[in-house]
Amino acid sequence: MSAATMAVRVRDRAAESPWGSGPTNPIVRQVTISATCPRCGGERGTPRNLNQYDDGVHYAVDVWKNPCGHNDMYRDVVIEARELAAEAGEGA
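All values derive from a computational prediction rather than experimental measurement.

Draft legend 1. Inspection of the pairing of strand S4 (residues 57-63) at higher detail. Here strand S3 (residues 48-54) runs beside S4; their pairing, made up of 7 bridges, is antiparallel. Pairing of glutamine 52 across the sheet is with tyrosine 59, part of S4. Linking S3 to S4, which pair antiparallel, is a turn of 2 residues; within it aspartate 55 sits at a positive phi near 50°.

Structure below.
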């Protein structure tokens, strides 16, 4: 993995209450991930802000478009960030 990293804000749906259990409480995490695509090793795109609205709650996340065309799913980005933190000895 490349030593270059980038910080992004992503929604962590796995940490939220299950659908149908009440109002949505979006959980947004700022995480550090590799600056390269995990599929091909090409550069990831530049993050930009995206304001969201869900079930009466406003929140902001980052979105980016990888030049290689591979899409990063937030769930995969959260997993990657945890693995990178563990490799660095930072825990989860």
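The discussion continues.
Draft legend 2. Examining the packing of aromatic side chains more closely. Scanning the entire structure with this criterion turns up 1 aromatic pair. Judged by centre distance (6.5 Å) and plane angle (45°), the ring pair of tryptophan 64 and tyrosine 74 falls under tilted. With tryptophan 64 in the loop between S4 and helix H1 (74-87) and tyrosine 74 in helix H1, this pair connects stretches of sequence that are 10 residues apart. On the accessibility criterion, tyrosine 74 (23% relative accessible area) is partly exposed.

Draft legend 3. Region of the structure containing the nonpolar core. Counting residues in hydrophobic clusters, the biggest one holds 10 residues: Met6, Val8, Val10, Val31, Ile33, Ala35, Trp64, Val77, Val78 and Ala81. Elements supplying a minimum of two residues to this core: strand S1 (5-11), strand S2 (28-34) and H1. Beyond its immediate sequence surroundings of up to four residues, valine 10 is in contact with Ile27, Val28, Arg29, Val31, Val61, Trp64, Tyr74, Val77 and Val78.

Criteria and cut-off values
- Residues numbered from 1 in each chain as written.
- Predicted model: local features only at pLDDT ≥ 70, side-chain atom pairs only at ≥ 80, totals over all residues.
- Heavy atoms only, no water.
- Pairing = 2+ DSSP bridges.
- Helix = DSSP H or I, 4+ residues; strand = E, 2+ residues; numbered from the N terminus.
- Phe/Tyr/Trp six-rings, centres within 6.5 Å; stacked < 30°, edge-to-face > 60°.
- Buried < 20%, exposed > 50% of the residue type's maximum accessible area, 1.4 Å probe, protein only.
- Core = buried A, V, L, I, M, F, W, Y, C linked by side-chain atoms within 4.5 Å.
- Contact = heavy atoms within 4.5 Å.

Limitation: the analysis is restricted to geometry and does not speak to function.
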